[in-house]
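One-letter residues, chain by chain:
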Amino acid sequence: MVHELPVWFEWASLSALAVLLLVDLFVVGRRPHVPSMRESALWVGFYVALALVFGAVVGAVGGAAPAGEFYAGWLTEYSLSVDNLFVFVIIMARFAVPREQQQRVLMVGIIVALVLRGAFILAGAAIISQFVWVFYLFGAFLVYTAIKLVAGGDEPEEYHENRAVRALRRVLPLGTRYDGGRLRTVEDGKRVFTPLVVVFLAIGSTDLLFAFDSIPAIFGLTQDPFIVFTTNVFALMGLRQLYFLLGGLLERLVYLPIGLAVILGFIGVKLILEALHENTLPFINGGEHLEAVPTVPIWLSLVVIVGALAVTTVASLLRTRALHAQGASSGVVEPGTAAPSAEDATETVTDEAPAAGETPPRGGAGPRGSAAR
């Protein structure tokens, strides 16, 4: 449902988030660097704490229902955003992005993604308000995605440049080398765009592709556009620091696809149940509501989401620890137990990376492999 939160609160919240993003962008632009583990951990903790405080403020202003929806949505979007990092590592490596520029690339890519997602969310909210039956489609799509994750979640897919990136290559005069944080430089006496332009679009547009999973999922938890958008903002804001914090630990989350499948499948079923409860399709029960069909309360959604994330995280760490111990005793390092960090991946590719105007070699992707869609 759409909650009647005060207009002043919504505008004040969105303005504060916009200022925070701009300050973050300014700081990164003025001092590009590779953050330490301590710095990354502090920033991730800050953004997590900020989300928790914001949820409490939403509860104080609007009540327990919107606060519960925010927390459930934020946890879902954050867990799906962690999956994005697999593809971000591949993109950084493929384009041989200098390590000190990776923060800027992620920040600009995230802002681009937020603008595109905002339009996506407004369109989705307008459609849902007019056609409740779209929940059947959203629910079926999420269940299908969950099944696909379980069936093929362990098989990495190749990263393919999407149409937007390929079109940009054809239209703009692109150079072959980076020039610090500049977007334009001079090569052979000609003004050209640096590879950063392509990388910005690759990160932003790839993240938008992930929205085809995450936006229907969040609409399965709340139909309030304000809550939908703020959950996306908070999930993406800490993604840049999380990228540097997790690094090689991403490959240790071997059961993450299963956890995401449980969450997406649960929300998909929840959407279908809600669509049946509010049914308007004439060929189902004569177009009448099915009052006997139960709806899933938000507290149960929170329990399922938190439980799925906790169980899969603990199980993943126990599994990789066992594999590491087994590999150490036999002198063989098992796959996924010593994955390279994002920095290492970039360093590895830098020496052999093709020119920015050429088509780089294919690479693996994460569980959802959305860039290949």
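Nothing here was measured: the structure is a model prediction, and the numbers come from that model.

Structural notes on helix α10 (residues 256–277)
The periodicity of an α-helix, 3.6 residues per turn, causes residues three or four positions apart to be oriented the same way.
Then comes step 1: Along its 22 residues, α10 runs 31 Å from first to last C-alpha, staying within 8% of the 32 Å computed at 1.5 Å per residue.
Then comes step 2: Across the 22 residues that make up α10, a large majority, 16, are buried.

Comments concerning the confidence of the model for the protein chain
Then comes step 1: Across the protein chain, the average pLDDT comes to 75, with 79% of residues at or above 70.
Then comes step 2: Averaged over each element, pLDDT in the protein chain is lowest for helix α12 (residues 342–350) (43) and highest for helix α2 (residues 37–62) (89).
Then comes step 3: The model gives residues 153–157 a pLDDT under 50, and that stretch makes twelve contacts with residues more than four places away or in other chains.
Then comes step 4: Confidence drops under a pLDDT of 50 for residues 369–373, and excluding neighbours within four residues, the segment shows 15 contacts in the predicted structure.

As for the pattern of salt bridges
Then comes step 1: What the rule picks out here adds up to one salt bridge.
Then comes step 2: Among the salt bridges present, the one from Lys 270 reaches Glu 274, with a minimum N-O distance of 3.7 Å. With a gap of four residues between them, Lys 270 and Glu 274 both fall in helix α10, about one helical turn apart.
Then comes step 3: Take Glu 274: its relative accessible area is 18%, and that puts it in the buried class.

Thoughts on the packing of aromatic side chains
Then comes step 1: One pass over the structure, following the stated rule, counts twelve aromatic pairs.
Then comes step 2: A centroid spacing of 6.0 Å and a plane angle of 80° characterise the contact between Trp 8 and Phe 9, whose relative ring orientation is edge-to-face.
Then comes step 3: On the basis of relative accessibility, which here comes to 59%, the residue Trp 8 falls in the exposed class.
Then comes step 4: When its relative accessible area of 5% is taken as the criterion, Phe 9 is described as buried.
Then comes step 5: Among the aromatic residues, ring-to-ring pairing joins Trp 8, Phe 9, Phe 54, Phe 70, Tyr 71, Phe 226 and Phe 234 into one connected group.
Then comes step 6: Seen from the ring of Phe 193, Arg 184 lies directly overhead, with NZ or CZ sitting 4.6 Å from the centre.

Procedures and definitions
Residues numbered from 1 in each chain as written. Predicted model: local features only at pLDDT ≥ 70, side-chain atom pairs only at ≥ 80, totals over all residues. Heavy atoms only, no water. Helix = DSSP H or I, 4+ residues; strand = E, 2+ residues; numbered from the N terminus. Expected span 1.5 Å × (residues − 1). Buried < 20%, exposed > 50% of the residue type's maximum accessible area, 1.4 Å probe, protein only. pLDDT = per-residue confidence, 0-100. Contact = heavy atoms within 4.5 Å. Salt bridge = Lys/Arg side-chain N within 4 Å of Asp/Glu carboxyl O. Phe/Tyr/Trp six-rings, centres within 6.5 Å; stacked < 30°, edge-to-face > 60°. Lys NZ or Arg CZ within 6 Å of the ring centre and 35° of its normal.

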